[in-house]
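Structure at a glance
Okay, here's what each chain looks like letter by letter:
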Amino acid sequence: MSFLKETRAKVHGYFLEKELKAHQQTHYSMDLNSAKSVGLLLDATELAGREAVLKFAEELKKQGKKVKLLAYFGGNAKVANFAFTHFTKKDLDWALRPKNQDIQSFINQPFDILINLTPHGSLPLEYIAAFSKAKFRVGPSTEKTYCYELMIDTAAKKDLQSFIQQATFFINKMNTTHESTTN
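The present account deals with the structure reproduced in this document. On a predicted model such as this, the values are computed, not experimentally measured, just so you know.

What about the nonpolar core?
A general feature of soluble globular proteins is that nonpolar side chains tend to end up buried together. Formed by 29 residues in total, the largest nonpolar core has its most connected members in Leu40, Leu69, Ile113, Ile115, Leu117, Val138 and Ile171. Residues in contact with Ile113, not counting those within four places in the same chain, are Met30, Asp31, Leu32, Ala35, Ser37, Val38, Gly39, Phe136, Val138 and Ile171. Tyr72, Leu92, Tyr127 and Ala134 belong to the second largest nonpolar core, which has 22 residues in total.

Some remarks on the pattern of salt bridges
Under the defined criterion, the tally for this structure stands at five salt bridges. Linking Arg97 and Glu19 is a salt bridge whose minimum nitrogen-to-oxygen distance equals 2.6 Å. Residue Arg97 is found in the loop between strand 3 (85–88) and helix 3 (101–108), and its partner Glu19 is found in helix 1 (residues 3–22); the two are separated by 78 residues along the sequence. The class of Arg97 is buried, set by a relative accessible area of 13%. With a closest N to O distance of 2.8 Å, Asp93 and Arg97 form a salt bridge. Salt bridges here are not isolated pairs; linked through shared partners, they connect Glu19, Asp93 and Arg97.

What about the sheet that holds strand 5 (residues 136–140)?
Taken together, the six strands give an open sheet; going across it, the order is 3-2-1-4-5-6, and neighbouring strands pair in parallel fashion. Two strands close off the open sheet at either side, each with one partner strand: strand 3 and strand 6 (150–152). Across the sheet, the mean angle from the axis of one strand to that of its neighbour is 15 degrees, orientation sign disregarded. Sheet analysis places strand 4 (residues 113–116) next to strand 5, joined by three bridges and oriented parallel. When the sheet's bridge partners are listed, Leu114 is paired in strand 5 with Arg137. Those strands touched by helix 5 (residues 160–172) are strand 4, strand 5 and strand 6, and its axis lies near 145 degrees from that of strand 6.

About the cut-offs
- Residues numbered from 1 in each chain as written.
- Predicted model: local features only at pLDDT ≥ 70, side-chain atom pairs only at ≥ 80, totals over all residues.
- Heavy atoms only, no water.
- Core = buried A, V, L, I, M, F, W, Y, C linked by side-chain atoms within 4.5 Å.
- Buried < 20%, exposed > 50% of the residue type's maximum accessible area, 1.4 Å probe, protein only.
- Contact = heavy atoms within 4.5 Å.
- Salt bridge = Lys/Arg side-chain N within 4 Å of Asp/Glu carboxyl O.
- Helix = DSSP H or I, 4+ residues; strand = E, 2+ residues; numbered from the N terminus.
- Pairing = 2+ DSSP bridges.
- Axes fitted to C-alpha atoms, helices over the stretch in contact; angles between N-to-C directions.

Written as structure tokens, this is what we have:
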């Protein structure tokens, strides 16, 4: 990693930590069957990744869920008109924080479940997940425990389809009934 990228990542971490101290949000677990709305974050740079996420989104819609996607195009990807909201490096400030009206609207959406469908880390998408008003946030296994209530580790397989399958499996295993325990 170049010195400039490393510096920007450190500045990103500094501002993120500072902003998180002021951010108060209550999160709790929820299974996919109980969810009425699902937010999906994705790194849309690769075509195969976009196709897998769009297929997953269609499956969720067939189950009667409201689904909203927010995609990040990193690298030098050519961005055309897509059927989902997206942003690029141009929408990041110097500290790599995503900044535009569509992103803020997505963060403020009270999804039942937010799933970051990026098996590898992505600072802009982790930032969005950290501040999301979603009730239950799911994402890749990371040291950044403030981003998600459930983290999925696909160390053996880093492909998106495996990640989607594991995320769906574990979200469906969440117990949403709250019973008091006896002592």
